[in-house]
Every structure is written in structure tokens, then in C-alpha cells.
Amino acid sequence: MNIILLGSPGAGKGTQAKFISSKFNYKQISTGNLLRDEMKRKPSLKKKIFKIINSGNLVSDNIVSQLLEIIISNPAYFNKLIFDGYPRNIGQIIILDNLLKKYKQNKYIVISLLVSKEVIKKRIMGRIYCQKCKNTFNEYFNPPTQLNHNCNKEFLIKRDDDNIDTILHRYETYIKVTGPVIEYYKKKNEFHEIDGNNDIIEISSKIAGIISNLTD
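So, a few notes on the structure that sits alongside this text. (Residues numbered from 1 in each chain as written. Predicted model: local features only at pLDDT ≥ 70, side-chain atom pairs only at ≥ 80, totals over all residues. Heavy atoms only, no water.)

Let's talk about the packing of aromatic side chains
Note the cut-off: Centre distance within 6.5 Å is the pairing criterion for rings of Phe, Tyr and Trp, where only the six-membered ring of Trp is used; planes under 30 degrees apart are then read as stacked, over 60 as edge-to-face, and the remainder as tilted. What counts as a helix is a DSSP run of H or I of at least four residues, what counts as a strand is a run of E of at least two, and both are numbered from the N terminus. Under the scheme applied here, a residue whose accessible area is under 20% of the maximum for its type counts as buried, over 50% as exposed, and between as partly exposed, the area being computed with a 1.4 Å probe on protein chains only. Ring-over charges, as used throughout, are those where CZ of Arg or NZ of Lys falls within 6 Å of the ring centre and within 35 degrees of the ring normal.
The full count for this structure, using the stated rule, is three aromatic pairs. A ring pair is formed by tyrosine 108 and tyrosine 185, whose centres lie 6.1 Å apart and whose planes are at 90 degrees; its orientation type is edge-to-face. Here tyrosine 185 lies in helix H7 (residues 164-186) and tyrosine 108 lies in strand S4 (residues 108-114), a separation of 77 residues in the sequence. Pair check on accessibility: tyrosine 108 and tyrosine 185 agree, each one buried. Ring centres of tyrosine 140 and phenylalanine 141 lie 6.4 Å apart, and the angle between their planes is 65 degrees; this geometry places the pair in the edge-to-face category. Tyrosine 140 gets classed as partly exposed once you look at its relative accessible area, which sits at 46%. Note that lysine 23 overlies the ring of phenylalanine 24, its terminal NZ or CZ placed 5.8 Å from the centroid.

As C-alpha cells, this is what we get:
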């Protein structure tokens, strides 16, 4: 059973996806990380993709779908995938459904994290990203310490797209573009909405309960 994890920028999708990956042995697919890795492999794409990401807009579906298919087609991850923040629009729903059907991975659940705009702003403004281990921390809610982070401090950065103007643009884009995605999945049997304003541990516990009930 695959998992689609939805939520606006700063909703905590990455944190919860890593939790699911660790506890249930799933493969996390973050389109943001896929694109950043692709920029490293193909410098010619870096400037183009970097400009789109920094503006708060979405990268073309063609680029993303090619990267997704590489992972979805891998038998090692059969029915063990977490789609972290994807799909983001109706067109991407069609792309994802077609890819999953192509590789006979039709069964999935959708978990949506609902978070207020003010909480999201604080989460993103405090976000710290590790370039080495790719973990995300927050200086307010979950700062990197010797207990939760083993990499050198030099790898900790603030992402260029984590600024107030980009945050607000990305939030408004999410509400406008991804709103119909939420409504689409609400009509499906396995749609679960969780209050993402709560403590990280509480959210993780609720998600674990949902997954455990479905896989027992």
C-alpha cells in the first residue's frame, strides 16, 4: 500500500514522511529532493529549475514525472512508497495514477495535514536544511542537536526559497492549485485529514495508527 502525503509548504510533510519511512520501512519520494539531486547531476538544468523553485512556482510535470517513474518502476519499492507533497494539481493526479497502474501499484491511501497560515509562516522561517543527510529541522520547534543530528554544522543552511514573500506565494499557490486535489481525494475511501497544528509526536502517533489499522 502506497501513501500520498499532502499539505501546504511548512505543514510538516517531510518530517512525517521520514517518520513513516523509518517506522514502516517505506521509500520517501520528495519531488523537491528529486529536483535538487537532478540539478547536481545535470548542471545545465540547475539555473532553470532553481529559478522556478525560488519563485514559488511548480516545475513542469514532464520533468517530475520522468524522475518519479525511475523510482516507481523499481521493484524494491513495490507498494512501499510515500509521495511527499505529490500530486499538487489535477494533471499530476492523472500522471501518478497512470504510473502506478503501469507498474501495478494501484492501492494507496491519502493523508492530508491541515495547518494554519500563521503556523506555516513560523515553521518555514525557522526551517534549517542539512545538505548532507537531507534532514530538515526548525530553530523554534525542532532545532538540530547532538542527539538528533550527526552531520557537521557547516552542512546546515537556510534554503533560498524560505523567505516571507516566497512563503506567501507558495501558500496561495497551494490553496489555489492543490485545493481541487484535496476535494478529489476526499471522495475516495481512504482519505484521512489530520490537524497539523499539533505537536510533531502527536501527529506521528495519529499517522502510525492509521497505517497500522490498514496493514494489520
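Describing the state of the cysteines
In protein chemistry, a disulfide is the covalent bond that joins the sulfur atoms of two cysteines. Here is the rule: Two cysteine sulfurs form what is called a disulfide whenever their separation falls within 2.5 Å.
The tally for this structure, following the rule as stated, stands at zero disulfides. In this structure cysteine 130 is a free cysteine whose sulfur lies 3.5 Å from that of cysteine 133, the closest cysteine sulfur available.

Section: the sheet that holds strand S5 (residues 127-130)
The criterion, for reference: Only strands joined by at least two bridges in the DSSP assignment are considered to pair.
The strand order across the open sheet formed by three strands is S6-S5-S7, and the pairing between neighbours is antiparallel. Two strands in the sheet have a free side with no partner beyond their single neighbour: strand S6 (136-138) and strand S7 (156-157). Strand direction decides the pairing type here: S5 and S7, joined by two bridges, are antiparallel. By the bridge assignment for S7, cysteine 130 is matched with leucine 156.

Treat this as a map of the structure, not an account of what it does.
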